[in-house]
Amino acid sequence: MSALLEVTDLVVAFGDVRAVRGVSFSLSEGETLAIVGESGSGKSLSSLAVLGLLPAQARVESGEIRWAGEDVSAMSERELRALRGEQLSMIFQDPLSALNPSLTVGYQIAEMFRRRRGLRRDEARRRAVEAMTEVGIPDAARRVGAYPHEFSGGMRQRVMIAMALALEPRLLIADEPTTALDVTVQAQILRLLRHRQREGLAMVIISHDLGVVARTARSVVVMYAGQAVESGTVADVYIAPAHPYTLGLLDASPSARDSNREIRPIDGYPPDITALPTGCAFHPRCPFARERCRTEEPDLREFAPGRSSACHYAEEVLARGAAVDHAGA
């Protein structure tokens, strides 16, 4: 199956500072890829580059982004606008800043149907109500006339999800899509997304919640300090992580299978992207670090079919990680 989206050696820079450093991933119709990592690892920036929505100070320095075989970086702003919503859509991390505070949520959803589908105002409003109902907003026919500030954070998040799905895009980028939702609504939204998956929707899920990733994605890319440090299927990576950072993320997450398993946070803090350490960026926090790690930056290498790790001692980490049950994280 040919890939819908292909990102190859993507580098995103702010001036001389590279915030995303050589990230690659791809996915096909109906597939879901998760991108995980701590704040500041470059997850959201990589996805914004796909949509051509980078901050004004940022630029794609090198690499390639291809959508359905077309080079996204070569597209004009008009061509990109035509893609957004219809083909590519995004659930933004902060729904309050993503919604226009001076317009009702119903107007903002209905506007897409008027502009992109040519619907009359009353029909567009009806479709907006349907979209709000689908994501579990109660009494949507009345609340369609409310403003963003009249909704809770969780309700605003649902409005953003409704807007992202309204035009039935082929690819959805979901940046922390369930963060502001309670457990019950989170389960409802995940069921909706899985239903859309079965209909062919491709998704990139950006999340710090490893449980959400386990329930929605097939493949995962783990990012640290702007780089991909591990990739593989979710099942393989969760059961037997092959990078110390991935192992640390899993050890720091509660396990659904073993409530008595000790939760161990990762020591230290992520590095300043403007002053990265020499060698492996993770070595100051890594329990496996040796002299080689301090001087030689590891490449992301495939050590098994479909498995890659940017660690000099991936096989050793793999053996250690396989000894602990992380599958329920």
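Placed above this text is the structure.
Keep in mind that what you see is a predicted model, and the values were worked out from it rather than measured.

A. Here's a closer look at the nonpolar core. Counting residues in each nonpolar core, the largest one holds 40 residues, and the members touching the most others are Ile109, Met132, Phe151, Val159 and Leu172. Taken together, the elements giving at least two residues each to this core come down to α4 (105–117), α5 (121–134), α7 (153–165), β7 (171–175), α8 (183–198) and β8 (202–206). Residue contributions to this core peak at 8 residues, all from α7. Setting aside residues no more than four positions away along its own chain, methionine 132 makes contact with Val105, Ile109, Ile137, Ala140, Arg143, Val144, Phe151 and Ala162.

B. Structural context of the pairing of strand β9 (residues 219–224). By the criterion of burial, β9 is predominantly enclosed, with 5 of the 6 residues buried. Relative to β9, strand β3 (residues 32–36) is paired through 4 bridges, and the arrangement is parallel. Of the residues in β9, the one forming a bridge with isoleucine 35 is valine 221. Direction of pairing for β9 relative to strand β10 (residues 227–233): antiparallel, over a ladder of 6 bridges. Each bridged residue has a counterpart across the sheet, and for methionine 223 the counterpart in β10 is alanine 228.

C. Highlighting the packing of α4 against α7. Running from amino to carboxyl end, α4 crosses α7 at an angle of 10 degrees, the nearest separation of the two axes being 9 Å. One finds that α4 runs roughly parallel with respect to α7. Pair α4 / α7 crosses with right-handed handedness. In contact with Val105, Gln108, Ile109 and Met112 of α4, α7 contributes Val159, Ala162 and Met163.

D. Broad picture of the environment of serine 44. Mapped onto the fold, serine 44 is located in helix α1 (residues 43–50). Residue classification places serine 44 among the partly exposed positions, given a relative accessible area of 22%. In this structure serine 44 touches Gln93, Asp175 and Ile206, once residues within four positions along its chain are discounted. Polar contacts involving the side chain of serine 44 include one to the side chain of aspartate 175, which spans 2.6 Å.

E. Geometry of the layout of surface pockets. Here the largest pocket is characterised by a volume of approximately 710 Å³. Lining the largest pocket are 21 residues; nearest its centre among them are Arg84, Gly85, Met112, Arg116 and Met163. Secondary-structure elements contributing two or more residues to the lining of the largest pocket are β6 (88–91), α4 and α7. Residue contributions to the lining of the largest pocket peak at 5 residues, all from α4. Classifying every residue of the lining of the largest pocket by side-chain character gives 12 nonpolar, 4 polar and 5 charged. Taken as a whole, the second largest pocket holds about 410 Å³ of empty space.

F. Quick look at empty space enclosed by the protein. For the structure on display, the rule yields 2 cavities of 30 Å³ or more. The computed volume of the largest cavity comes to approximately 60 Å³. Residue lining of the largest cavity: His243, Pro244, Cys280, Phe282, Cys286, Cys293, Pro298, Ala310, Cys311 and His312, and that is the complete set. Of the residues that constitute the lining of the largest cavity, the class distribution is 8 nonpolar, 2 polar and no charged. Its volume calculated, the second largest cavity comes out at about 50 Å³. Lining the second largest cavity, in full, are Val36, Leu210, Val220, Val222, Val237, Tyr238, Thr246, Leu249 and Leu250. Contributing elements (two or more residues each) for the lining of the second largest cavity: β9, α10 (234–239) and α11 (244–251). By residue number, the principal contributor to the lining of the second largest cavity is α11, which donates 3 residues.

What counts and how
Residues numbered from 1 in each chain as written. Predicted model: local features only at pLDDT ≥ 70, side-chain atom pairs only at ≥ 80, totals over all residues. Heavy atoms only, no water. Core = buried A, V, L, I, M, F, W, Y, C linked by side-chain atoms within 4.5 Å. Buried < 20%, exposed > 50% of the residue type's maximum accessible area, 1.4 Å probe, protein only. Helix = DSSP H or I, 4+ residues; strand = E, 2+ residues; numbered from the N terminus. Contact = heavy atoms within 4.5 Å. Pairing = 2+ DSSP bridges. Axes fitted to C-alpha atoms, helices over the stretch in contact; angles between N-to-C directions. Parallel < 35°, antiparallel > 145°, perpendicular 65-115°, else oblique. Left-handed = near helix turned anticlockwise from the far one by under 90°. Polar contact = N/O pair within 3.5 Å; in protein donor to acceptor, adjacent residues only side chain to side chain. 1 Å grid on protein atoms, 1.4 Å probe; cavity = no way out; pocket = protein on both sides within 12 Å on 5 of 7 lines; lining within 4 Å. Points joined across faces, edges and corners; volume = space filled by probe spheres on them. Nonpolar A, V, L, I, M, F, W, Y, C, P; charged D, E, K, R; others polar.

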